[in-house]
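Given next are the chains, with one letter for each unit.
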Amino acid sequence: MTRYLIERVWDPMEEEQMSAVGPRSKQILTQNEKFSPVVWEHSHTVMDEEGQLKSYCVYSSPNADLIREHARMLGDHHIAHIYEIGGDISPDDFD
């Protein structure tokens, strides 16, 4: 299955709104059969230099269109970039 890194830029929101995003994302993935092959692996959230909240999420999916559709349903953000992951490395790979 192809893996993707998704850069999301979030709309301004209160902390309690942001804490509801993860459960809502998971609910969309688990309650809609068309998303059954999509796997949310993990995400990193950051604040950029201008104070804009962003997240970098790793998903496995048969295609990027399912990721875009999931994002539309999730709302409150836009996708800045979707990158196809070519591979993973870690410091342990160089022992």
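Predicted model only: the values in this text are computed from it and were never measured.

Chemist: Would you mind showing me how to read the pairing of strand 2 (residues 39–47) here?
Modeler: The side chains of a regular strand alternate between the sheet's two faces. In terms of strand pairing, strand 2 meets strand 3 (residues 53–61) through eight bridges, oriented antiparallel. Within strand 3, the position partnered with H44 by the bridge is Y56. The antiparallel pairing of strand 2 with strand 3 creates a hairpin that spans five residues between the two strands, and G51 there sits at a positive phi of about 85 degrees.

Chemist: Would you explain the pattern of salt bridges in this entry?
Modeler: A pair can form between side chains of opposite charge whenever their charged atoms are brought close. Within this structure, the stated rule accounts for seven salt bridges. A salt bridge links K54 to E7, with the shortest nitrogen-to-oxygen separation between them at 3.3 Å. Remark: E7 occurs in strand 1 (residues 2–10) and K54 occurs in strand 3; sequence separation between them is 47 residues. The burial state of K54 is the same as that of E7; both residues are buried. Notably, a salt bridge pairs D76 with R24, separated by 3.0 Å at the nearest N-O pair. A residue pair is termed long-range when its members are at least 10 positions apart, and D76 in the loop between helix 3 (64–74) and strand 4 (77–84) and R24 in helix 2 (residues 21–31) qualify at 52 residues. Taking the relative accessible area as the measure of exposure, D76 reaches 36% and is therefore partly exposed.

Cut-offs and rules
- Residues numbered from 1 in each chain as written.
- Predicted model: local features only at pLDDT ≥ 70, side-chain atom pairs only at ≥ 80, totals over all residues.
- Heavy atoms only, no water.
- Pairing = 2+ DSSP bridges.
- Helix = DSSP H or I, 4+ residues; strand = E, 2+ residues; numbered from the N terminus.
- Salt bridge = Lys/Arg side-chain N within 4 Å of Asp/Glu carboxyl O.
- Buried < 20%, exposed > 50% of the residue type's maximum accessible area, 1.4 Å probe, protein only.

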